[in-house]
Protein chains: 2
Amino acid sequence: MQKGTLLVVSGPSGAGKGTLCNELLARRENAKFSVSATTRAPRPGEIDGVHYYFVTNERFDEMIEQGEFLEYACVFGMNRYGTPRKAVEERLAQGIDVILDIDVQGALNVKKAMPEAVMLFLLPPSFEVLRKRLVGRGTETDEQIQKRLATAKSEIALASEYDYVIINDQLETALRQVEDVLDAESCRPSRWTQWLKQFREDAEQ
Amino acid sequence: MQKGTLLVVSGPSGAGKGTLCNELLARRENAKFSVSATTRAPRPGEIDGVHYYFVTNERFDEMIEQGEFLEYACVFGMNRYGTPRKAVEERLAQGIDVILDIDVQGALNVKKAMPEAVMLFLLPPSFEVLRKRLVGRGTETDEQIQKRLATAKSEIALASEYDYVIINDQLETALRQVEDVLDAESCRPSRWTQWLKQFREDAEQ
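Please read these numbers as outputs of a predicted model, since none were measured by experiment. Throughout, residues of each chain are indexed from 1 in the direction in which the sequence is written. Ligands are numbered from 1 and chains lettered from A, in the order in which they are written. The predicted origin of the model limits local features to residues at a pLDDT of at least 70 and limits the giving and counting of side-chain atom pairs to 80 or more, whereas totals for whole chains, interfaces and linings rest on all residues. Side-chain measures were taken over the full set of non-hydrogen atoms in the model, leaving aside hydrogen atoms and water.

Chemist: Looking at this structure, how should I read the overall build of chain A?
Modeler: By definition, any uninterrupted DSSP run of H or I lasting at least four residues is a helix, any uninterrupted run of E lasting at least two residues is a strand, and each is numbered from the N terminus. The number of helices and strands found in chain A is eight helices and nine strands. In terms of overall dimensions, chain A has C-alpha extents of about 70 × 45 × 30 Å along its principal axes. In chain A, which comprises 205 residues, the proportion classed as buried is 46%. Note on definitions: a residue-residue contact is assigned when non-hydrogen atoms from the two residues lie within 4.5 Å. Taking contacts inside chain A between residues at least 6 apart in sequence as the whole, the part at least 24 apart equals 67%. If you sum the accessible surface of chain A, you get close to 10,600 Å²; carbon and sulfur atoms cover 49% of it. When charges are counted, neither His nor the chain ends are considered; positive counts come from Lys and Arg and negative counts from Asp and Glu. Charged side chains are reduced to one point each, which is NZ for Lys, CZ for Arg, CG for Asp and CD for Glu. The distance from the centre of the 26 positive side-chain charges to the centre of the 32 negative ones in chain A is 3 Å. Each residue gets one of three labels from its accessible area relative to the maximum for its type: buried under 20%, exposed over 50%, partly exposed in between, using a 1.4 Å probe on protein chains only. In this description, accessible areas are obtained by the Shrake-Rupley approach with a 1.4 Å probe, and a residue is regarded as covered only by the protein chains that are shown.

See below:
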């Protein structure tokens, strides 16, 4: 069986990552969201190992020390979140594509820890559209929107570090491109090492 | 307008490269075969610049000296063939995907000369199928078939040097994968440099 792909998705707030990732998972049976570890308490209905791995602060520290995270973010005094490497690797080994929706800094850390990760940067069709989408939500203050736009600006400067850039103008087109990327990546020679070995052995006989 | 992709296709005789490339061109309007330069005389109906660039031996030598080839093959005393860089670059600049069906040695030379080339290795589903396809053609002697199989063996050893490996079991599946590769490659950040620059400029205002 072929290994799955770790697909890391970044992009500014308002690019439509959430909708795109949810729709992608709805369409592809063998794709799953990465499950994060967190120090926060479970909310009603949340299941350990499904929604999150709920861990104590002590266990989180230990996981950092043992190098068990592909990436983690710590904000002083806040709940902590991280992506456990083992959970990702187990799913990939089962042939499952793992989707990780994460900010640019976290994404670049994942790439360092797992160079075979496929890095995808999602963009709105223009900065003006991004601004309009954020304003249109009507859920944030002007100040919050300005902050998001400033973050977007600095994140977009790192888009060229990614493997793929996808412009989310029409969701359907963007989704098809993400699926093209996943399908193309499954044709990488590194996925076919065993197959190529077998082929060459057969040729020797 | 976005630049085209140079798609280099290699694979053993019997993998079905010819059929696949022809069908790909039939489906994709903006894909064209690369046009080779050759020292052989035109055959009836062949048009200079369409089927080949017909050049003299002196001109071919000059093209080698001037570094005008992405790759060329010289067999002593035989007609010579090469891929002129300028013709490929002009088409790519027009947004045309250029397909180059070429042996492994030539392909690796192209990659050296133009690192952005996308390298695709086409394989039959098994060595046994390859043997049967070659025998089934009924056009070659046992000795010729043995020679082709030996060449296949040594070429397949280099498949892992390619960007993508595609198993041509069902033509339709293989074609879809090649199209996925072309579509995914058009999402590379290097194709969006100008766009990303514009986006960042808009964000500055």
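Next comes the rest of the account.
Chemist: Even after reading the chapter, I still don't get the relation of the copies chain B and chain A, so can you show me in this structure?
Modeler: Both copies of the chain are related through a single rotation about an axis accompanied by a shift along the same axis. It takes a turn of 180 degrees to lay chain B on chain A, together with a shift of 0.0 Å along the axis; the resulting RMSD is 0.0 Å. In symmetry terms, the pair is related by a two-fold rotation axis. Residue B:Asp180, judged by its C-alpha, is the member of chain B lying nearest the rotation axis, at 2.4 Å. In this assembly the copies share their binding face: 100% of the residues contributing to the interface of chain B also contribute to that of chain A. Superposing the copies works by least squares over the C-alpha atoms of residues that have pLDDT at least 70 in both of them.

Chemist: Even after reading the chapter, I still don't get the sheet that holds strand β7 (residues 97–101) of chain B, so can you show me in this structure?
Modeler: Residue and element names in this part refer to chain B. Any two strands between which DSSP finds at least two bridges are classified as paired. Pairing in this open sheet of five strands is parallel, and the strands run β2-β7-β1-β8-β9 from one edge to the other. The open sheet has two free edges, formed respectively by β2 (31–33) and β9 (164–167), since each of these has just one partner strand. For this sheet, the mean inter-axis angle between neighbouring strands, taken without regard to orientation, is 25 degrees. Note that β2 and β7 share three bridges and pair parallel. By the bridge assignment, Lys 32 is partnered in β7 with Val 98. Think of each axis as a best-fit line through the C-alpha atoms, taken over the contacting stretch in the case of a helix, with angles from 0 to 180 degrees between the N-to-C directions.

Chemist: Looking at this structure, I do not really get the environment of A:Ala87. What am I missing?
Modeler: Residues and elements named next belong to chain A. Among the structural elements, Ala 87 can be located in helix α3 (residues 85–93). The class for Ala 87 is buried, based on a relative accessible area of 11%. In this structure the C-alpha to C-alpha distance between Ala 87 and Ser 34, which are 53 residues apart in sequence, comes to 7.9 Å.

Chemist: Would you take a moment to explain helix α1 (residues 17–27) of chain A for this structure?
Modeler: At 3.6 residues per turn, the α-helix brings residues three or four places apart onto the same side. All names here are of chain A. Of the residues making up α1, those classed as buried are Lys 17, Leu 20, Cys 21 and Leu 24. Within α1, the buried residues cover an arc of 95 degrees as seen down the axis, which keeps them to one side. Projecting away from the buried face of α1 at angles above 90 degrees are the exposed residues Thr 19 and Ala 26. On its buried face, α1 sits against β1 (6–10), β2 (31–33), β7 (97–101), β8 (118–123) and α7 (171–185). Directions from the helix axis toward the C-beta atoms define the arc.

Chemist: What should I look at first to understand the interface of chain B and chain A in this one?
Modeler: For interface size, the figure often reported is the accessible area lost on association. Listed as interface residues are 33 residues of chain B and, on the opposing side, 33 residues of chain A. The working definition used for a salt bridge is a side-chain nitrogen of Lys or Arg within 4 Å of a carboxyl oxygen of Asp or Glu. Applying the counting criterion to the chain B and chain A interface returns two salt bridges. Notably, a salt bridge pairs A:Glu204 with B:Lys153, separated by 3.8 Å at the nearest N-O pair. Between N or O atoms, a polar contact is any pair within 3.5 Å; within protein, one atom must be a potential hydrogen donor and the other a potential acceptor, and residues adjacent in sequence are included only when both atoms are from side chains. Here chain B is connected to chain A by six residue pairs in polar contact (both at pLDDT 80 or more). Only α6 (142–156), β9, α7 (171–185) and α8 (193–204) of chain B provide two or more residues apiece to the side of chain B that touches chain A.

Purely geometric numbers; function is a separate question.
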